[in-house]
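Chain and residue survey
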Amino acid sequence: MPRAPHLRVAGDGAGAEAVVLLLHGGTPDSLEPVRAFDPAVLRMLPFGRSVTRAGNGRIVVATLRYSVRGWNGELESPLPDARWALDQLAQRFGNLPVGLIGHSMGGRVALRMADHVRRHPGGVSSVAALAPWLPPGESVPSLDHQRLLFAHGTADRITDPSHTFALAESLAAKGLDVELVRFPGARHSMLFPAKPWHDLVADFMVRTLLAQAQDDPEAHLQH
């Protein structure tokens, strides 16, 4: 039986003014299916809860589980899953502004999806790339209106923080709206402590997504 991605939306989304999609980490090469209790999937859930609380019900949170665990070279396995998820959310929520929160491989996916054009006007508005996996020569799409948050622990030994800092500074130099946060001594898991990470991302999503929703009256006409 072919493996398929799984998308879960928390609640019914009634009255939502924005949507956030959680994108979990993975591994360079693996065709093993992603289980519901995979640690990479579970690690994203507190971010979703923090966004929900900070948004006071105005932001609906969706969680994507990729079909397989790996990036898998030229297959770029998570990318079609993420495109499918964004199209599903567009179908359900229309023209609401969308934010992406990705960790590790999920950060790489989020940046690749930042220019995804949905069936409705608009697209991805805000991206939080957390300890993103950015191999040398990584391709980043052409960005313009998106607001970007990069956060990385300086003691990360899984993904290279210097790559994150360099990309953030390069995009900022091009005039993009970029926030860069360094967590001194923090490792890849974003734990010990975890709360500063959760609070940072929740605040970013509320500031960027809800401000846009208020500025765009048509965003409320999705139903």
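The structure we're discussing is the one just above.
In terms of regular secondary structure, the protein chain is built from five helices and seven strands. Tracing the protein chain from N to C terminus, the helices and strands come up as β-β-α-β-α-β-α-β-β-α-β-α. Relative to its length of 223 residues, the protein chain is compact, with a C-alpha radius of gyration of 16 Å against a globular reference of 17 Å. Per-residue burial for the protein chain yields a buried fraction of 54% across its 223 residues. Sequence separation of at least 24 residues holds for 79% of the intrachain contacts in the protein chain that already meet a minimum separation of 6. For the protein chain, the computed accessible surface area is about 10100 Å², with 54% contributed by carbon and sulfur atoms. Within the protein chain, one finds 22 positive and 22 negative side-chain charges whose respective centroids are separated by 7 Å.

Here the focus is the nonpolar core. Core analysis: the largest hydrophobic core is formed by 38 residues, its most contacted members being Leu21, Leu23, Leu100, Val109, Val127 and Phe150. The set of elements that each furnish at least two residues to this core consists of strand E2 (18-23), strand E3 (59-65), helix H2 (78-93), strand E4 (98-103), helix H3 (105-113), strand E5 (124-130), strand E6 (147-153) and helix H4 (161-173). A total of six residues in this core trace back to one element, the largest contributor, which is H2. In contact with Leu23, other than residues within four places in its own chain, are Met44, Leu64, Tyr66, Ala82, Leu100, Ile101, Gly102, His103, Gly106, Val109 and Ala110. In this structure, Phe47, Leu149, Leu200 and Ala202 belong to the second largest nonpolar core, which totals 24 residues.

Following the sequence through the fold, Pro78 ends up in helix H2. By relative accessible area, Pro78 is classed as buried at 0%. What Pro78 contacts, discounting residues up to four positions off in sequence, is Tyr66, Gly70, Trp71, Met105 and Val109.

A separate point is the packing of aromatic side chains. Within this structure, the stated rule accounts for two aromatic pairs. Ring centres of Trp71 and Trp133 lie 6.0 Å apart, and the angle between their planes is 80 degrees; this geometry places the pair in the edge-to-face category. Residue Trp71 is located in the loop between E3 and H2, and its partner Trp133 is located in the loop between E5 and E6; the two are separated by 62 residues in the primary sequence. Classification of Trp71 as buried rests on a relative accessible area of 3%. Judged by centre distance (4.1 Å) and plane angle (20 degrees), the ring pair of Phe183 and Trp197 falls under stacked. A residue pair is termed long-range when its members are at least 10 positions apart, and Phe183 in strand E7 (residues 177-183) and Trp197 in helix H5 (residues 195-215) qualify at 14 residues. Comparing Phe183 with Trp197, the two get one shared label, buried.

As for its placement among the helices and strands, Arg112 is situated in helix H3. Only 3.1 Å separates the side chain of Arg112 from the side chain of Glu76, close enough to count as a polar contact. A distance of 2.9 Å separates the side chain of Arg112 from the side chain of Glu138, its partner in a polar contact. In this structure, Arg112 is in contact with Trp71, Glu76, Leu79, Glu138, Ser139 and Pro141, ignoring residues within four places of it in sequence.

Before going further, it helps to examine the side chain of His188. Summarising the element assignment, His188 is placed in the loop between E7 and H5. Only 2.7 Å separates the side chain of His188 from the side chain of Asp156, close enough to count as a polar contact. Other than its neighbours up to four places away in sequence, His188 contacts His103, Ser104, Ala131, Asp156, Ile158 and Thr159.

To continue, consider the sheet that holds E7. One open sheet holds the seven strands; their spatial order is E1-E3-E2-E4-E5-E6-E7, and the pairing between them is mixed. Each edge of the sheet is formed by a strand with only one pairing partner; in this case those strands are strand E1 (6-9) and E7. Neighbour to neighbour, the strand axes of the sheet diverge by 15 degrees on average, direction disregarded. Note: E6 against E7, seven bridges, orientation parallel. Residue pairing for E7: Ala151 is matched across the bridge by Val181. Across the sheet, helix H1 (residues 39-55) is in contact with E1, E2, E3, E4 and E5; its angle to E3 comes to roughly 170 degrees. Here H3 sits on the sheet in contact with E2, E4, E5 and E6, set at roughly 150 degrees to E4.

Reading guide: rules and limits
Residues numbered from 1 in each chain as written. Predicted model: local features only at pLDDT ≥ 70, side-chain atom pairs only at ≥ 80, totals over all residues. Heavy atoms only, no water. Helix = DSSP H or I, 4+ residues; strand = E, 2+ residues; numbered from the N terminus. Rg over C-alpha atoms; globule rule 2.2 N^0.38 Å. Buried < 20%, exposed > 50% of the residue type's maximum accessible area, 1.4 Å probe, protein only. Contact = heavy atoms within 4.5 Å. Areas by Shrake-Rupley, 256 points an atom, 1.4 Å probe, with all protein chains shown as cover. Lys, Arg positive; Asp, Glu negative; His and termini not counted. Charge placed at Lys NZ, Arg CZ, Asp CG, Glu CD. Core = buried A, V, L, I, M, F, W, Y, C linked by side-chain atoms within 4.5 Å. Phe/Tyr/Trp six-rings, centres within 6.5 Å; stacked < 30°, edge-to-face > 60°. Polar contact = N/O pair within 3.5 Å; in protein donor to acceptor, adjacent residues only side chain to side chain. Pairing = 2+ DSSP bridges. Axes fitted to C-alpha atoms, helices over the stretch in contact; angles between N-to-C directions.

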